[in-house]
Amino acid sequence: MFKTIALSYRLGERTVSNIVNEVCAALWHRLQPFYIPVPTVETWKNIALDYERKWQFYNCLGAVDGKHIAIRKPLLSGSSFYNYKQYFSIVLMATVDANYRFTTVDVGSMGRFSDGNIFANSSLGKMLNSGSLQLPESKPLPGQNTETPYVFVGDEAFPLMPNLMRPYPRARVTGNYENKVFNYRLSRARQTVESSFGILTARFRVYKRPFECKLDTIDKVVLATIVLHNYLRTDILSNASIQDEDDEIVYSFDENNFSSLAPNRSRSSNEAFSIRQNFTECFNSNYGSVDWQRRALSYPTNHPSVLISCNLHEKYHTKQESL
C-alpha cells in the first residue's frame, strides 16, 4: 500500500508511512469528539427511540458485532492472528445506532479470539458487567407493567446478559412461533451493524485487501475510516429525507441464519432469561407486534398473532408520541 503511494508521489516509503500515521491520528483526534462522542444517558435514549421508530425493537441501545480485518501475518506472531475463516486478521468490535453510525469501537484484538471473548474484555463489555455504564432507567415494554432494562442486540456468538439480548438457539425455535418472532425482530434490529460494516468496506477500498503495515498503523487507519464514515452518515442524514416512520420495511428471516455460528457457552443468569421472555411476550402481543411479522414467518391461520390489528398498533405509537 505505502509502496504504491510512494511511487505515485515520488516519496520514500518511510515518509509515506509517517504521513499516514499523522493524518489518521489527527482525523481521529479532531473528529472523534463530534462524531463518536462518549454516549450519555440522553444519547442512549435517542438511539432507543430511533430503533423503536425504524426497526420496531423497544429499549434497544444498538447492535453489536465484530468484523475481521484481513492483515499480513505479523512477524513472530505464530497463529495468534489466524482466525476461523483461515486468514490472519484483527477484530473490530463495534456497536451502531439505527442509522448505521458507530457509537462505540474497539479495534486491535487478535483474530483467533471469538466475538464473545473480545466483547467480554472490551471496555463496553466490562462496564456492562460491572454496571458502571450510564444507561437510561428501565421502562416497561408496550403492553407490560414490568420494568425492562435497555439492551444491546447481538448474534449467538455473544452471551445472554440483562443488557445484551441474543437469539434463541435453533432447538428452542423449531415449532415455537413465539420464539421465532423474537429471533425475527432481533434479526431486523441486528442487521444495522452488518450493514454498517458493509457500507464501511464499500466506501473505503483499503479494506478490500489485507493490510501490510504495522499493527499500530492499522489501528489508526481503521479508527480514521470509522470517524469519517460517521461524518458522512451524519451529513447524509442532515441533508437527505429520512424514511417516514410509517413506511413498512420487511426483511426476510430464516432460522438457519444462525446455524453457522458457534454458540456461546457462558452461563446466563435467570434475570437475563426473564428479560428475553419479556421481549418475546411483547413482540407476540397486540401492543408490541408488527403487521408484517406474520407474513415473514408464515404463521398458521389459527395463531393469535394473525388476529393482530394494525390500527391498534398505530394507535399505541400515536399515544406514545403525544406523551
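A.B. asks: Now, about the confidence of the model for the chain: what can you tell me, with residues and values included?
C.D. replies: When pLDDT is averaged along the chain, the result is 85, and 83% of the positions lie at 70 or above. Counting interchain partners and residues more than four positions distant, the pLDDT-below-50 stretch residues 241-262 has 42 contacts.

A.B. asks: So what about the nonpolar core? Which residues, and what values?
C.D. replies: Ranked by size, the top nonpolar core spans 77 residues in total, and within it Tyr51, Phe57, Leu92, Phe119 and Phe279 carry the most contacts. Ranked by the residues each element gives to this core, the list is headed by helix 6 (residues 177-203), at eight residues. When near neighbours in sequence (up to four residues on either side) are disregarded, Leu92 contacts Asp65, Gly66, Lys67, Ile69, Val105, Asp106, Val107, Phe197, Leu200, Val222 and Ile226.

A.B. asks: So, the side chain of Lys67: which residues are in play, and what are the values?
C.D. replies: Relative to the assigned elements, Lys67 resides in strand 1 (residues 60-70). Put simply, Lys67 is tucked away with no salt bridge, and the nearest opposite charge, on Glu194, sits 8.4 Å away. A polar atom in the side chain of Lys67 sits 3.3 Å from the side chain of Thr201. For Lys67, the residues in contact, after removing those within four places along its chain, are Ile90, Val91, Leu92, Phe197 and Thr201.

A.B. asks: How would you summarise the side chain of Asn59 if you had to cite specific residues and measurements?
C.D. replies: By secondary structure assignment, the location of Asn59 is in the loop between helix 3 (41-55) and strand 1. Of the polar contacts made by the side chain of Asn59, one reaches the backbone oxygen of Lys139; its length is 3.2 Å. With residues near it in sequence (within four places) discarded, Asn59 still touches Lys139, Leu141, Thr148, Pro149, Tyr150, Val151 and Phe279.

A.B. asks: Account for helix 3, with residues named and values stated.
C.D. replies: When the terminal C-alpha atoms of helix 3 are compared, their 21 Å separation across 15 residues agrees well with the 21 Å that a helix rising 1.5 Å per residue should span. Those residues of helix 3 not exposed but buried are Trp44, Ile47, Ala48, Tyr51, Glu52, Lys54 and Trp55. A positive phi of about 55 degrees marks Gln56, the residue just after helix 3.

A.B. asks: Could you give an account of the packing of helix 3 against helix 6, naming the residues involved and the relevant values?
C.D. replies: The contact between helix 3 and helix 6 brings their axes to 10 Å, and the two run at 115 degrees. Classified by the angle their axes make, helix 3 and helix 6 are roughly perpendicular. As helix 3 packs across helix 6, the resulting crossing turns out to be right-handed. For the pair formed by helix 3 and helix 6, the contact residues are Tyr51, Lys54 and Trp55 on the first element and Arg188, Ala189, Gln191 and Thr192 on the second.

A.B. asks: Report on the sheet that holds strand 3 (residues 102-110), specifying residues and quantitative values.
C.D. replies: The strand order across the open sheet built from five strands is 3-2-1-6-7, with neighbouring strands paired in mixed fashion. Each edge of the open sheet is held by one strand with a lone partner, namely strand 3 and strand 7 (164-165). The sheet contact formed by strand 2 (residues 89-96) and strand 3 spans seven bridges and is antiparallel. The residue of strand 3 that forms the bridge with Ile90 is Met110. Strands in contact with helix 3 are strand 1, strand 2, strand 3 and strand 6 (151-153); relative to strand 1, the strand with the most contacts, it is inclined by about 90 degrees.

What counts as what
Residues numbered from 1 in each chain as written. Predicted model: local features only at pLDDT ≥ 70, side-chain atom pairs only at ≥ 80, totals over all residues. Heavy atoms only, no water. pLDDT = per-residue confidence, 0-100. Contact = heavy atoms within 4.5 Å. Core = buried A, V, L, I, M, F, W, Y, C linked by side-chain atoms within 4.5 Å. Buried < 20%, exposed > 50% of the residue type's maximum accessible area, 1.4 Å probe, protein only. Helix = DSSP H or I, 4+ residues; strand = E, 2+ residues; numbered from the N terminus. Lys, Arg positive; Asp, Glu negative; His and termini not counted. Salt bridge = Lys/Arg side-chain N within 4 Å of Asp/Glu carboxyl O. Polar contact = N/O pair within 3.5 Å; in protein donor to acceptor, adjacent residues only side chain to side chain. Expected span 1.5 Å × (residues − 1). Axes fitted to C-alpha atoms, helices over the stretch in contact; angles between N-to-C directions. Parallel < 35°, antiparallel > 145°, perpendicular 65-115°, else oblique. Left-handed = near helix turned anticlockwise from the far one by under 90°. Pairing = 2+ DSSP bridges.

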